[in-house]
Amino acid sequence: MKTSSAAGESAIGSEPTAATYRPHLDGLRAVAVYLVVLFHAGSSWFSGGFIGVDVFFVLSGYLVTQLLLRDIVSNGRIRLGRFYSRRFRRLLPAAFVVLIVTACVYTAIASPAEQIDVIGSFKAAFLYSTNWYFVHQSTAYFGANIATNPVLHFWSLAVEEQFYVVWPLTLTGAFVLTRRWDRAKQLRMIGAVVAVGVLGSALFALSLKSGDPNRAYYGTDTRAYELLAGALVALVPSIVATARQRRGQMRAATIASIAALGVLASSWVHLDAIERGIAVTITTVVLIVALETADGGIVKRLLSTRTMTYLGKISYGTYLWHWLVILVLLKTFHPSTLATIGIAFLVATGLASLSFDLMEHPIRASQRLDRHRGAVIALGLTVTVVSALVLVPSILDDSHAGAVGVAGSVTSGVAPVPAGLDWRAVKREDRSAPTCFAKPLTKCVVVHGTGKTVALIGDSHAQMLIAPMTEIAKAENWTLAVLIWNACPWQDGLWRFTAANRRSCLAWKADLRTRVIPRLNPDVVVLIHAPMDREGLKGQHLGGPDGPLATGSPAAERAIEAATDKTVARLSANRDVVIIEPIPQGPPGYDPLGCLSTARFLDQCRFVASASPSPTEQHYRALARSSDHVFDLDIDRLACPYLPICDPVVRGKIVWYDLSHLSIAYSRTLAEPIRSLLTADGIGSG
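Once a new chain begins, its residue numbering starts again from 1 and follows that chain's sequence as written. With pLDDT at 70 or above as the cut-off, local features in this predicted model cover only qualifying residues; side-chain atom pairs require 80 or more to be listed or tallied, and sums for whole chains, interfaces and linings still use all residues. Side-chain measures were taken over the full set of non-hydrogen atoms in the model, leaving aside hydrogen atoms and water.

Peer 1: Where do I start with the overall build of the protein chain in this structure?
Peer 2: Secondary structure summary: the protein chain contains 28 helices and 13 strands in total. Restricting the calculation to C-alpha atoms gives the radius of gyration, and the globule rule supplies 2.2 Å times the number of residues raised to the power 0.38. A compact globule built from 686 residues would reach a C-alpha radius of gyration of about 26 Å, and the protein chain, at 28 Å, matches this within 12%. For the protein chain, the C-alpha atoms occupy an extent of roughly 85 × 60 × 45 Å along the three principal directions. The buried share among the 686 residues of the protein chain stands at 56%. Only DSSP runs of H or I with at least four residues qualify as helices, and only runs of E with at least two residues qualify as strands; both kinds are numbered from the N terminus onward. Under the scheme applied here, a residue whose accessible area is under 20% of the maximum for its type counts as buried, over 50% as exposed, and between as partly exposed, the area being computed with a 1.4 Å probe on protein chains only.

Peer 1: Looking at this model, I keep getting lost on the packing of aromatic side chains. Mind explaining?
Peer 2: Aromatic rings in a pair are described by how distant their centres are and how their planes are angled relative to each other. Each Phe, Tyr or Trp ring (for Trp, its six-membered ring) is paired with any other whose centre lies within 6.5 Å, and the angle between the two planes then decides the class: stacked below 30 degrees, edge-to-face above 60, tilted in between. Per the counting criterion, the structure on display carries 20 aromatic pairs. Where F134 meets Y218, the ring centres are 5.7 Å apart and the plane angle is 45°; that geometry is what we call tilted. Pair noted here: F134 is in helix 5 (residues 130-137) and Y218 is in helix 8 (residues 213-218), with a separation of 84 residues, a long-range link. The residues F134 and Y218 share a single accessibility class, namely buried. When the centroid spacing of 5.6 Å and the interplanar angle of 85° are considered together, the rings of W155 and Y218 count as edge-to-face. Taken together, the residues span a long stretch of sequence, with W155 in helix 6 (residues 154-177) and Y218 in helix 8 at a distance of 63 residues. Note on accessibility: W155 and Y218 belong to one class, buried. An aromatic cluster is defined as three or more aromatic residues linked by ring pairs; in this entry it consists of F39, F50, F57, Y133, F134, W155, Y217 and Y218.

Peer 1: Can you walk me through the nonpolar core in this structure?
Peer 2: Across soluble globular proteins, nonpolar side chains show a tendency to be buried alongside one another. Nonpolar core, defined: a set of buried Ala, Val, Leu, Ile, Met, Phe, Trp, Tyr and Cys residues in which side-chain atoms within 4.5 Å join the residues together. Core analysis: the biggest nonpolar cluster contains 134 residues, and F154 and W167 have the highest contact counts within it. Looking at this core element by element, the count peaks at 14 residues for helix 2 (residues 51-75). L638, A639, V650 and L662 belong to the second largest nonpolar core, which has 41 residues in total.

Peer 1: Quick question: what am I supposed to make of the packing of helix 3 (residues 80-109) against helix 18 (residues 373-396) here?
Peer 2: Axes are the key here: two packed helices are described by the angle between their axes and the distance separating the axes. Axes here mean lines fitted to C-alpha atoms, for a helix over just the part in contact, with angles spanning 0 to 180 degrees between N-to-C directions. The contact between helix 3 and helix 18 brings their axes to 9 Å, and the two run at 15°. As summarised for this structure, helix 3 and helix 18 are arranged roughly parallel, according to the angle between their axes. In this structure, the crossing between helix 3 and helix 18 has a hand that is left-handed. Polar here means any residue outside two lists: the nonpolar Ala, Val, Leu, Ile, Met, Phe, Trp, Tyr, Cys and Pro, and the charged Asp, Glu, Lys and Arg; Gly therefore counts as polar. For the contact of helix 3 with helix 18, the residue count by class is 15 nonpolar, 6 polar and 3 charged. Geometric relationships in this document are graded by angle, where less than 35 degrees denotes roughly parallel, more than 145 denotes roughly antiparallel, 65 to 115 denotes roughly perpendicular, and other angles denote oblique. By definition, any crossing whose near helix is turned counterclockwise from its far helix by less than a right angle is left-handed, and any crossing with a clockwise turn is right-handed.

Peer 1: Sorry if this is basic, but what is going on with the environment of F333 here?
Peer 2: Note that F333 resides in helix 15 (residues 315-333). With a relative accessible area of 57%, F333 lands in the exposed category. In the structure, F333 is positioned 101 residues away from P434 in sequence and 40 Å away in space, judged by C-alpha atoms.

Peer 1: Would you explain the sheet that holds strand 3 (residues 479-484) in this entry?
Peer 2: Strands belonging to one sheet form pairs held by backbone hydrogen bonds; the direction of such a pair is parallel or antiparallel. The rule for pairing is simple: two strands pair if DSSP sees at least two bridges between them. The mixed open sheet is built from 6 strands, whose spatial order is 1-3-2-5-8-10. Edge positions in the sheet fall to strand 1 (445-447) and strand 10 (630-633), since each of these pairs with one other strand and no more. Here the strands of the sheet are splayed against their neighbours by 25° on average, with no regard to which way each runs. With 4 bridges connecting them, strand 5 (residues 524-528) and strand 8 (residues 576-580) associate as parallel partners. Paired with V525 across the strands is V577, a residue of strand 8. Contacts from helix 25 (residues 615-626) reach strand 8 and strand 10, with the element oriented near 140° to strand 10. Contact between two residues is taken to exist if any of their heavy atoms lie within 4.5 Å; hydrogens are not considered.

Peer 1: Would you mind showing me how to read the pattern of salt bridges here?
Peer 2: Any Lys or Arg side-chain nitrogen found within 4 Å of a carboxyl oxygen on Asp or Glu counts as a salt bridge. Overall, the coordinates contain 24 salt bridges when judged by the stated rule. The partner of E581 in a salt bridge is R621, with the nearest N and O atoms 2.7 Å apart. Placement of the pair is E581 in the loop between strand 8 and helix 24 (592-596) and R621 in helix 25, with a sequence separation of 40 residues. Exposure remark for R621: the relative accessible area of 26% places this residue in the partly exposed category. R621 is the salt-bridge partner of D634, the closest N and O atoms lying 3.3 Å from each other. One end of the pair, D634, is in the loop between strand 10 and helix 26 (636-639); the other, R621, is in helix 25, with 13 residues separating them in the sequence. Judged by relative accessible area, which is 38%, D634 ranks as partly exposed. Among the charged side chains, a network of salt bridges with common partners joins D54, R223 and E226.

Peer 1: Sorry, what's going on with the state of the cysteines here?
Peer 2: As used in these notes, a disulfide is a covalent bond between sulfur atoms, one from each of two cysteines. Cysteine sulfur atoms that come within 2.5 Å of each other are treated as a disulfide pair. Evaluation of the coordinates by the stated rule reveals 4 disulfides. The partner cysteine of C640 in its disulfide is C646, sulfur to sulfur 2.0 Å. Given an S-S torsion of about 100°, the disulfide between C640 and C646 has right-handed geometry. Note on accessibility: C640 and C646 belong to one class, buried.

These values are about where atoms sit, not about what they do.
Written out as structure tokens, the structure reads:
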């Protein structure tokens, strides 16, 4: 059997052997990594630059499979010990240094509360399980908190490492099971199974993208199609053989496919991340085949230049370092987007070059280490586990960090932060909420009673009221169901943030309208969502039935009012509707727990909120005045008793978890005041 030799071992920063070196693939790595840097640096032109990771995945599947096939051809089997020891030597040293440096730097630029918040993600990064950690944490890759996690980009390395563990074993098993067949038939059968895997993984990702977009984006199984698509090209030599017969057409294909990647990375394309990933996978497969078979051509020549190939060789380090560089810039210096891009390109590339020349290449090329494969694997596993469980917590979780100094004289009129205030406990609060989206209604019922049935509907602001509403339901003997979807206002047709969120948000509300509410048939519906028209939210994405809206614009106000009227009219036809007005919100960048973890005085962590009702709140009040079944609750003074001053601590409880959400501990204290407001409106037992 004749097979193509592998050009390297990892799509992100490998060093191919000289005999099989194909520089154009290194050039493609360079393109991919700098697309990611552009995206993370905030380029509006390359808002789809995250597709660089998709390109890396396809390359990994292609190149690693070629390497494994070469091993089978040369030795009759895959030398697993050699493969895994080389993985550790290639990937772990640079990742270890970056993670330790990042942890140390983060302690200098982040508050103790922020440091505590990322310990779990650092542990997951060392253990190459970051993607599943973020699935569990429901971290939105495209959400507003993207700049708060210093190891967010390690999710893709976790996916690749999991692939490196499983794929050699799977391929070995496949060849053992088909060992009685000739090599050509083996490859055809294995290729057919892999093709089914590609299709199944892609369809699974598509099925999840509306209901659980984070799961669809981060999951190893929902990313497997990209890695397996590359593997399929390596497993089916006829693909490349056929393309070689059309070398002229392949030159044109390189131009078309590299241009398509540029378009898919741009803001011109309105596809969600999963749809875009599938398109990128197809395009990258075409590009790889075209590059491997084209006889010259401008794209192949450009990707094969000395500069591009060197940038490709160090692309693993560039990927590792770039996010720390950007994070330091964003948290410390706040440069313009263009300056961020330029600095990130230069500094990350420089650090990657040093890492490659001084550490990565010498360790990888060491013949002595190559002779001690078992020891390398054992040492690598030990380092990852000890670093995750001991080293990182010791750096980030300083029990004395942020200790509040309350001793000594206090300036008159300035309140000291109470001794023993436990902001760590607030960090550890469980903010998960049940969901019955496309699930049985019983999944959403948190209290079973014999009185009224009450549904709490809304976004994360509804989620923060689960605790007090649960206490009220128990006291009133209600059945309480919580119907919550983050970043999704309760009004029909409205959505926030991204195209992916739009689809999941609107799908959730359609499920509420057509299934959940008719079957649950609540006596009372309580509605609340985050503010959509206050000054602090301008610049955020808001959308209606006709597309994106400029927050705070007259068009947005009209859309909000129209959607409110429509939704309230539908819900109040045979039940009472209680609209809880959005609570005050801190200024952009307000971090109450971070402030309390370092401040000496409470005054340092207060903020001033508007005491005047927003246009949306005024509309809610008008609706309540015009209907006997619609009620409006203003709970601003429950969140901020001294409005317009909003204190971080009230009655010994930390009020704010972040700039707009109450802590569970504090929200629980609001049960009786909210119950009194509901009773005053006649929304009580009986």
